[in-house]
2 protein chains.
Amino acid sequence: MSRTAFFISDGTGITAETLGRSLLAQFEGVDLTLVVKPYIDTLEKAHDLAAIIAQTADRDGERPIVIDTIVDQSIRDIIAAAPGFKVDIFSTFLAPLEEELATHSTYTVGRTHAIGRDDVYMHRIDAVHFALDNDDGARTHQYDQADVILVGVSRCGKTPTSLYLALQFGIRAANYPLTEDDLDEDGVLNMPKALAPYRHKLFALTIDPRRLAAIRSERRPNSRYCSMDQCMQELQQAEALFRRYHIPYIDTTRFSIEEISTRMIAETHLTRRFSPR
Amino acid sequence: MSRTAFFISDGTGITAETLGRSLLAQFEGVDLTLVVKPYIDTLEKAHDLAAIIAQTADRDGERPIVIDTIVDQSIRDIIAAAPGFKVDIFSTFLAPLEEELATHSTYTVGRTHAIGRDDVYMHRIDAVHFALDNDDGARTHQYDQADVILVGVSRCGKTPTSLYLALQFGIRAANYPLTEDDLDEDGVLNMPKALAPYRHKLFALTIDPRRLAAIRSERRPNSRYCSMDQCMQELQQAEALFRRYHIPYIDTTRFSIEEISTRMIAETHLTRRFSPR
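Residues numbered from 1 in each chain as written. Chains lettered and ligands numbered in written order. Predicted model: local features only at pLDDT ≥ 70, side-chain atom pairs only at ≥ 80, totals over all residues. Heavy atoms only, no water.

1. Some words on the sheet that holds strand β5 (residues 148–152) of chain A
Residues and elements named next belong to chain A. Strand order in the open sheet made by the four strands is β6-β5-β7-β8, with parallel pairing throughout. Either end of the sheet is taken by a strand with one partner, and the two such strands are β6 (173–177) and β8 (249–251). Here the strands of the sheet are splayed against their neighbours by 25° on average, with no regard to which way each runs. Looking at chain direction, strand β7 (residues 202–206) and β8 are connected through three bridges and run parallel. Across the sheet, Thr-206 pairs through a bridge with Asp-251, a residue of β8. Helix α6 (residues 158–169) contacts β5, β6 and β7 of the sheet and is inclined by roughly 175° relative to β6. Relative to β7, helix α9 (residues 257–268) is tilted by about 140°, and along the sheet it contacts β5, β7 and β8. (Pairing = 2+ DSSP bridges. Helix = DSSP H or I, 4+ residues; strand = E, 2+ residues; numbered from the N terminus. Axes fitted to C-alpha atoms, helices over the stretch in contact; angles between N-to-C directions. Contact = heavy atoms within 4.5 Å.)

2. Re the UniProt feature "binding site: ADP" in chain A
The positions that UniProt labels "binding site: ADP" are, in the present scheme, Gly-152, Val-153, Ser-154, Arg-155, Cys-156, Gly-157, Lys-158 and Thr-159 of chain A. Note on placement: Arg-155 of chain A falls in the loop between β5 and α6. When its relative accessible area of 18% is taken as the criterion, Arg-155 of chain A is described as buried. With residues up to four places along the chain from it excluded, the contact list for Arg-155 of chain A reads Ile-207, Leu-212, Ile-215, Arg-216, Arg-219 and Tyr-225 of chain A together with Ile-125 and His-129 of chain B. If we skip the residues at most four places from it in the chain, Lys-158 of chain A touches Leu-150, Val-151, Gly-152, Val-153, Asn-175, Tyr-176, Pro-177 and Leu-205 of chain A. At 3.3 Å, the side chain of Lys-158 of chain A forms a polar contact with the backbone oxygen of Gly-152 of chain A. (UniProt positions renumbered as here; feature names shortened; annotations may be inferred. Buried < 20%, exposed > 50% of the residue type's maximum accessible area, 1.4 Å probe, protein only. Polar contact = N/O pair within 3.5 Å; in protein donor to acceptor, adjacent residues only side chain to side chain.)

3. Some remarks on the relation of the copies chain B and chain A
Mapping chain B onto chain A calls for a screw motion: a turn of 180° about the axis and a shift of 0.0 Å along it, with 0.0 Å RMSD after fitting. Here the copies are linked by what is in effect a two-fold axis. The residues that chain B uses at the interface reappear at the interface of chain A in 99% of cases, marking a shared surface. (Least-squares fit on C-alpha atoms with pLDDT ≥ 70 in both.)

4. Remarks on the sheet that holds strand β4 (residues 85–88) of chain B
The strand order across the open sheet built from four strands is β2-β1-β3-β4 (chain B), with neighbouring strands paired in parallel fashion. Of all the strands in the sheet, the pair left with one neighbour each is β2 (32–37) and β4 of chain B. The sheet shows a mean angle of 20° between the axes of neighbouring strands, taken without regard to direction. The strands touched by helix α4 (residues 89–101) of chain A within the sheet are β1 (3–8), β3 (65–68) and β4 of chain B, with β4 of chain B carrying the most contacts at an inclination of about 170°. Seen against the sheet, helix α4 (residues 89–101) of chain B touches β3 and β4 of chain B and runs at an angle of roughly 40° to β4 of chain B.

5. What to know about the pairing of strand β2 (residues 32–37) of chain A
Residue and element names in this part refer to chain A. In this structure, strand β1 (residues 3–8) lies alongside β2, joined through six bridges in parallel fashion. For Phe-7, the partnering residue across the bridge sits in β2 and is Val-36. Following the chain from β1 across helix α1 (residues 14–24) to the adjacent parallel β2, one finds a crossover that is right-handed. (Right-handed = clockwise from strand over helix to strand, strands pointing away.)

6. Points about the domain arrangement of chain A
Annotation of chain A at the domain level lists domain 1 (1–99) and domain 2 (115–265). Once you take the C-alpha centre of each, domain 1 of chain A and domain 2 of chain A turn out to be 39 Å apart. (Domains from an automatic or database assignment.)

Printed below as a string of C-alpha cells:
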C-alpha cells in the first residue's frame, strides 16, 4: 500500500513542494504518492483539505506526510487537526531566525515571491523575447546584447536551456546551431563567422549520440538527420571545435535543464539579473 | 550594515535557495545580501567557502545566515566550523521522517532532481517545442493536441506563461493573440474561428492597461500600439469576449509567472505531465 504526502501552501506551493520533494527523495525505497495543494487560503478550503487528508489516512491505512508553508494561524489549526505527520517548515525555522535577527517576522501570506515587482517582470519578459528572437541562429546581429550564446548541434538542448535561463534568471541567452554549412572541404567544423567576434560569450552543449538520435527521431523518424552515423559525426566535429577554441561545454545527457543552467552560471560567472524566488 | 545569507548546496542550490528566500522574505525590515553557492561538492570548495563565510562575518560585523542542503558529512563539518547561524534543513527534518517512515534515508548527493529521467526530459522538450510552434497563433491546426490554449491581447503575458507551463510542468500550451482581425462591424470581438471548436481548452489572460502600455512601449515606442487609448479599448473588447463565453481569466498585473501558472492549474485541473523537482 502506498503512503501519501501532501505539499500544502497558501501561495503557489513551490516552496513546500521543492523542499518536500528534496526531503522525500532521500527515501528511495518508500512508495509515496505526492499531492500538491496550493492556494489553501480560506477556512473553507482548509476544511475540505482536512477531510481529504482524513480520507487518505483511512484509505492508505497510514497517516499522510503533511509538508506545509501556511502562514495564517486559523488555517494552520484546521490542517493540524487532520491526521497527518507534520513537517512544519515555517514554524520550525522562523522562531530561531527571529532570535538570531533580533526582530519579529512579518510572517505574511504570499510574501515568498517577487509579486508585482515591475523590474523583475520586465527583465523576464525581455529575456524571454530575446531568447525567442535569437533562437536557433535566427538572428545574429544582436549578439552584442547577449549575456551568453549557446552553441551545439541541432536538438542537443539549446532552446530549452536558453528559455530556462531567461525565465528563471533573466539571462539573455541566444543560441546558434552548428550545421554542415560551417564545414570546410576537409570535413572540419570552422568557427562560424557570426560567432567569431563573441568567442568569450560562447558556451557549448553536447549530448550522447544515442540520446540525440532518439530525440531527433521523435521529430523526423527514419531520416538521415536522426541516424546514429549522422549524430555521431556531427557531435565529433562539434566537440573538436569546442576543444580547439577552448569553449567550455557540458554534456546534457546526464543532467536536467536546472542542472545545465545552474552549472553554466557557476562555471562562467554569468550574472543572474534577478531571482524569482 | 547589511548582513549576508548564504544558500549552500552540493547540487543546483534550488532547494536551499527556494526555502531560504521564503524564510527570509518574512523578515521585511532586515537588510540582507543573498549569496547562492551551488555545487559545493569537494573538500577544497568547502574550505574556500568556509573562508569566504569567515571573511563575510568580519566585514559585516555579524555572522552570516547559512542555509544548506549539503549531504556529505565531511563537507558539512567544514561549513559548520565557519562562523555562521546554521539553518540545517536536511538534518532537522530527516531524522523525524526516518522515524515516521520506519526506514533510513539514503541521503545521497543530488538525489533531489529528476536527473537523467528520459521520460521527463522528452516531455519537457516536447512541450517546449509545442509552445514555440504554437506561439502567437502561428499555427492553429495542432490545437487538438494542446492541453490549454491561452488567449489575450498582444503582450499580456501569454508567451512567458506558456513557456513556463512547458518547462516546469510539461504542459502543452498554445497561445493565440486577440487582434482587430476578429472585430465585427460593431466593434465587438467575436470568438476567433480557430478557437471555436476548443472553447473548453481556453484560458484567458488580461492586464492593467497602464502596465500593458508600458510593456508595449518597450517594444514599439510612441506607436498607436502602445497608446493608452488603444490598450484600454483592446482590453475592454477582450474582457467582454471572456465574459460572454465564460472563459476563465486571470489578471496578470499583480502576479508573477509562477503564480499565474499555478493558479491556472489549480483552477482548471490541468494535469502536470511531470514535476521537475
